Amino acid sequence: MRVFVTGASGWIGSAVVEELVGAGHQVVGLARSDESAAAVEAAGAEVLRGSLDDLDSLRSGAADADAVIHLAFKHDFSAFEESGRTERAAIEALGDVLEGTDKPLLFASGVAMLAPGTVATEDDASPFSGSESPRGGAENLALSYVDRGIRPVSLRFAPTVHGEGDHGFMAVLASTAKEKGVSGYIGDGSSRWPAANRLDVAHMIVLALDKAPAGSRVHGVAEEGVTTKEIAEAIGRQLDVPVESIAPEDAAEHFGWIGAFFGIDMPASSDATQDLLGWTPTHATLLEDLEAGHYTRHLSA
């Protein structure tokens, strides 16, 4: 199968490209820069130069492919609504090309904020619609493409897809602990944070390409919820700093932008995904990766 992948040189996308190539697929990866192009080529994929802002490059990649895996996203919290509008436009461009082909359109989404305080499942519809909503309401838009003769599949990732080299939320928390001299958690630290290993998620995506039916939602979640206190304790041990509770009203000042998310209880299940795809996460857990020093080693040097 010829598969067009956006975000092919990114944190999750690079692992997906390796999985696809290893499974015998022909992969074309979107690359914005020379550095990204070199990484895509080194992984054994073809390169298509372009970006999310270059909708013609997205259309070209989709038109020449048997399937599309859309993983690229502008993770710019300072321009949140603009990022959402860009994502929505990208989905629309891909959908226009794939209409009537019954080809797969797998796209990145997330489990965060689906059902705070309860365990989110694959049956939970996204509450976000419209161009001004998170990610531009792209999940509901893309899933509606079933009626247009496309096989859309929502790839809902845990907020932390971890591993050595991850620069996401855990890296921010570790840097904050180093800067503040204390590894903090919010309130009583009982809020749960879903997680999955990058390599497990990549394998899930390749399985979904073959097995997930049109309109389905799959959860890239290996751990339903690691408590924020456990996360803080693991970071504290690695940096040898005290672990303390941060009052909710002080979270924004202490943690910065991540404080708005870190104290929210948002566990998620992947039971239905594992049954559907025959997927079993096997790689290191979040706490194992934290204890391995992947997020703190460079800070302790």
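Structure's up top.
Summarised in this report is the structure supplied together with it. These figures come from a predicted structure and were not determined experimentally.

**Brief notes about the pattern of salt bridges**
Then, number 1: For the coordinates displayed, the defined rule picks out 12 salt bridges.
Then, number 2: Between Asp 64 and Arg 2 there is a salt bridge; the shortest N-O distance is 3.1 Å. Taken as a pair, Asp 64 in the loop between α3 (55-63) and β4 (67-70) and Arg 2 in strand β1 (residues 2-6) lie far apart in primary sequence, 62 residues in all.
Then, number 3: What makes Asp 64 partly exposed here is its relative accessible area of 47%.
Then, number 4: Relative accessible area serves as the criterion here: at 17%, Arg 2 is assigned to the buried category.
Then, number 5: With a closest N to O distance of 3.7 Å, Glu 164 and Arg 297 form a salt bridge. Of this pair, Glu 164 sits in the loop between β7 (160-162) and α6 (169-180) while Arg 297 sits in helix α13 (residues 297-300); the two residues are 133 residues apart in sequence, bridging distant segments of the chain.
Then, number 6: Glu 164 sits in the exposed class, given a relative accessible area of 54%.

**Considerations on unusual backbone geometry**
Most of the time, phi is negative for any residue but glycine, and the peptide bond is trans.
Then, number 1: With a phi close to 60 degrees, Asp 102 is a non-glycine residue in the positive phi region.
Then, number 2: Residue position: Asp 102 is located in the loop between α4 (80-98) and β5 (104-110).
Then, number 3: Since its relative accessible area comes to 57%, Asp 102 is described here as exposed.
Then, number 4: Phi at Asp 240 takes a positive value of approximately 55 degrees, unusual for a residue other than glycine.
Then, number 5: The exposure class of Asp 240 is exposed, given its relative accessible area of 70%.

**Here's the deal with the sheet that holds β7**
Then, number 1: Spatially, β7-β9-β11 is the arrangement adopted by the three strands of the open sheet, whose pairing is mixed. Whereas interior strands pair on both sides, the edge strands pair on one side only; in this sheet they are β7 and β11 (223-227). Ignoring strand direction, the axes of neighbouring strands in this sheet form an average angle of 45 degrees.
Then, number 2: Taken together, the three bridges between strand β9 (residues 192-197) and β11 define a ladder with antiparallel strand orientation. Residue pairing for β11: Trp 193 is matched across the bridge by Val 226.

The rules behind these values
Position numbers for residues start from 1 in each chain and track the written sequence from start to end. Predicted model: local features are reported for residues with pLDDT of at least 70 only, side-chain atom pairs are reported and counted for 80 or more only, and whole-chain, interface and lining totals are derived from all residues. Excluding hydrogens and water, the side-chain figures rest on all heavy atoms present in the structure. A pair is scored as a salt bridge if a Lys or Arg side-chain nitrogen falls within 4 Å of a carboxyl oxygen belonging to Asp or Glu. The secondary structure listing takes helices from DSSP runs of H or I that are at least 4 residues long and strands from runs of E that are at least 2 residues long, numbered from the N terminus. Burial here depends on accessible area, computed with a 1.4 Å probe over protein chains only, as a share of the maximum for the residue type. Under 20% is buried, over 50% is exposed, and the range in between is partly exposed. Strand pairing is assigned whenever DSSP detects at least two bridges linking the two strands. Structural elements are reduced to axes, namely lines fitted to C-alpha atoms, with helices fitted over the stretch in contact, and the angle between N-to-C directions of any two is expressed from 0 to 180 degrees.

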